[in-house]
Amino acid sequence: MIFITLICFVVIILGKITFIESNSVFKQNHLPKYENLYIFVDITENKMYLISNGKVIKTYPVSSGKPKTPSPIGTWTITSKARWGEGFGGYWMGFNVPWGMYGIHGTDEPWSIGHALSHGCIRMFNKDVAELYKITPIGTKVTIYGGPFGPFGSGFRILKPGDRGSDVYFVQKKLKELGFFKGYVNGIYNESMKHAVHSFQKKHNLKVSDYIGISFYNKLGIYLFD
């Protein structure tokens, strides 16, 4: 049985991270260099915390993914940086997410900041992403937190072909461990995964369907507990 909780996360945050004045600002022409930078994004409140040596040195408001196009929950690495067009606020920092192109960038829709309105990327005000870009090196770790249930965020969603995300990735891994999924674990509900889902349903006397609901999760041994 798999229990997914927020307990470990709370211990880590309370044990290692202390908060300092969140309104501290960087002078644009005198951006300091920080050691052991780490980015924590809480999409339940649409805020980003920039952390150095265990201390929060700056907070930023952000926009996260819509329910149909969720942001990639988990811990990733910034693997690319580039100057992109106006629609991206001029700056892009990409993650190593296996199921698509996700990253941090600016926006030409500043009214979206503070809301879950993106296609999965983390949007920032253009002035904020310009600042972050200059002090954040490739290799920086980024954790995207979506709720108390790890890859399932704030709870199960019903999965269907074409869906992608951390929950799909987790289910694929479980199906592969059990010998049902033969494809590449990439977080995309594709044809190979659909065949695995049908085989699992038949094996466990579940209704054969393309949809993955709570009875399927439970048969996989996945339960959510606060």
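Throughout this description, residue numbers start from 1 for each chain and increase along the sequence as written. Predicted model: local features are reported for residues with pLDDT of at least 70 only, side-chain atom pairs are reported and counted for 80 or more only, and whole-chain, interface and lining totals are derived from all residues. With hydrogens and water set aside, each side-chain value is computed from the structure's full complement of heavy atoms.

## Some details on the pairing of strand β11 (residues 141-145)
1) Next: Counting buried positions over the 5 residues of β11 gives 4, a clear majority of the element.
2) Next: Here, a strand pair is defined by DSSP locating no fewer than two bridges between the strands. Helix and strand definitions here come from DSSP, where helices need a minimum of 4 consecutive H or I residues and strands a minimum of 2 consecutive E residues; each element is numbered from the N-terminal end. Judged from the 4 bridges that link them, strand β6 (residues 74-82) and β11 form a sheet pairing that is antiparallel. Looking at β11, one finds that G74 is bridged to I144. Relative accessibility thresholds used throughout: buried, under 20% of the residue-type maximum; exposed, over 50%; partly exposed, between the two (1.4 Å probe, protein chains only).

## Quick notes on the confidence of the model for the chain
1) Next: The predictor attaches a confidence to each residue, and that confidence, scored 0 to 100, is pLDDT. Here the chain averages 88 in pLDDT, and 85% of its residues register 70 or above.
2) Next: Working rule for contacts: check all heavy atoms of both residues, and any pair within 4.5 Å makes them a contact. Within the model, the stretch residues 1-28 combines pLDDT values under 50 with 53 contacts to residues more than four positions away or in other chains.

## Observations concerning the packing of helix α3 (residues 166-177) against helix α4 (residues 191-203)
1) Next: The N-to-C vectors of α3 and α4 enclose an angle of 60°; their axes lie 11 Å apart at closest approach. The pairing of α3 with α4 is recorded here as oblique in orientation. α4 is crossed by α3, and the crossing has left-handed handedness. Each of V168, V171, Q172 and L175 in α3 lies in contact with α4, whose residues at this interface are M193, A196, V197 and F200.
2) Next: Each residue is assigned to one class: nonpolar for Ala, Val, Leu, Ile, Met, Phe, Trp, Tyr, Cys and Pro, charged for Asp, Glu, Lys and Arg, and polar for all the others, Gly among them. Along the lines of polarity and charge, the residues of the contact of α3 with α4 split into 7 nonpolar, 1 polar and no charged. Simply put, an axis is a line fit to the C-alpha atoms, just over the touching stretch for a helix, and the angle between two N-to-C directions goes from 0 to 180 degrees. Working rule for angles: under 35 degrees goes down as roughly parallel, over 145 as roughly antiparallel, 65 to 115 as roughly perpendicular, anything else as oblique. Handedness of a crossing is defined here by the sense of rotation of the near helix relative to the far one, left-handed for an anticlockwise turn of less than a right angle and right-handed for a clockwise turn.

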